[in-house]
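Summary of structural features
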Amino acid sequence: MSRIKLTIQREYEFRHTITLQPRDINYGGHMGNDALVSLLGTARVAMLHSMGFTELHLGGHKTGVIMSDLSVNFKAEAFMLEELHIDTHVGEFTRTGFRLFHRVTRGETLVALAETGMVTFDYVSRRPSPVPGAFFNALALRTGKDPR
């Protein structure tokens, strides 16, 4: 069976730390795949918040983000009350979107790698829209380099 093979990025600009709760654990006694998707969403919201944005307001008039795809490689189990770090890199910009690359770790252990495709989306017209300049500017302030 062929597998999607995600790779570790050279750098991650953002870190979100979270403790696994009982709701994150499945019947196998470890973090469920549905929980990881939710935790990635929480890390994304925290990343945007750190730059002064929300998923509905990305610096443009009614321009937010909407997820277009998701890929995950699980590497290790994670258990209730363990602290996970979700590191995020923003990259691969197009005119109307970008990718978020996530590395999930528990101490030195790699738990998962994930990638999400994000489309910048005008919630008034209900159509994709250009990535707002304010988002590029905020990311450049955070990272010290312009991602364009």
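Residues numbered from 1 in each chain as written. Predicted model: local features only at pLDDT ≥ 70, side-chain atom pairs only at ≥ 80, totals over all residues. Heavy atoms only, no water.

**Details of the confidence of the model for the protein**
A residue-level look at the protein finds 99% of positions with pLDDT of 70 or above and a mean pLDDT of 94. The secondary structure element of the protein with the lowest average pLDDT is helix α2 (residues 133-143), at 90, and the one with the highest is strand β4 (residues 97-106), at 98. (pLDDT = per-residue confidence, 0-100. Helix = DSSP H or I, 4+ residues; strand = E, 2+ residues; numbered from the N terminus.)

**Observations concerning the pairing of strand β3 (residues 83-94)**
Where strand β1 (residues 14-19) lies against β3, 6 bridges are found, and the strand directions are antiparallel. Bridging from a neighbouring strand, His16 pairs with Ile86 of β3. As defined by bridge partners, β3 adjoins β4 across 8 bridges and the pair is classed as antiparallel. The residue of β4 that forms the bridge with Thr88 is His102. Between β3 and β4, which pair antiparallel one after the other, the connecting turn spans 2 residues. (Pairing = 2+ DSSP bridges.)

**Some remarks on a nonpolar patch on the surface**
A cluster of nonpolar side chains, Val37, Met67 and Leu70, forms an exposed patch at the surface whose accessible area comes to about 210 Å². For Leu70, a relative accessible area of 35% corresponds to the partly exposed category. (Patch = residues over 30% accessible without salt bridge, like charges linked within 9 Å, V, L, I, M, F, W, Y side chains within 5 Å. Areas by Shrake-Rupley, 256 points an atom, 1.4 Å probe, with all protein chains shown as cover. Salt bridge = Lys/Arg side-chain N within 4 Å of Asp/Glu carboxyl O. Buried < 20%, exposed > 50% of the residue type's maximum accessible area, 1.4 Å probe, protein only.)

**Section: the packing of aromatic side chains**
The geometry of an aromatic ring pair is captured by the separation of the ring centres together with the interplanar angle, meaning the angle of the planes. Scanning all chains against the criterion turns up 6 aromatic pairs. Centroid distance Phe93 to Phe98: 5.5 Å. Interplanar angle 40°. Geometry classified as tilted. Relative accessible area serves as the criterion here: at 22%, Phe93 is assigned to the partly exposed category. Under the relative-accessibility criterion, Phe98 is labelled buried at 4%. For the pair Phe93 and Phe136, a centre-to-centre distance of 4.9 Å together with 45° between the ring planes defines the contact as tilted. One end of the pair, Phe93, is in strand β3; the other, Phe136, is in helix α2, with 43 residues separating them in the sequence. Among the aromatic residues, ring-to-ring pairing joins Phe53, Phe93, Phe98, Phe135 and Phe136 into one connected group. (Phe/Tyr/Trp six-rings, centres within 6.5 Å; stacked < 30°, edge-to-face > 60°.)

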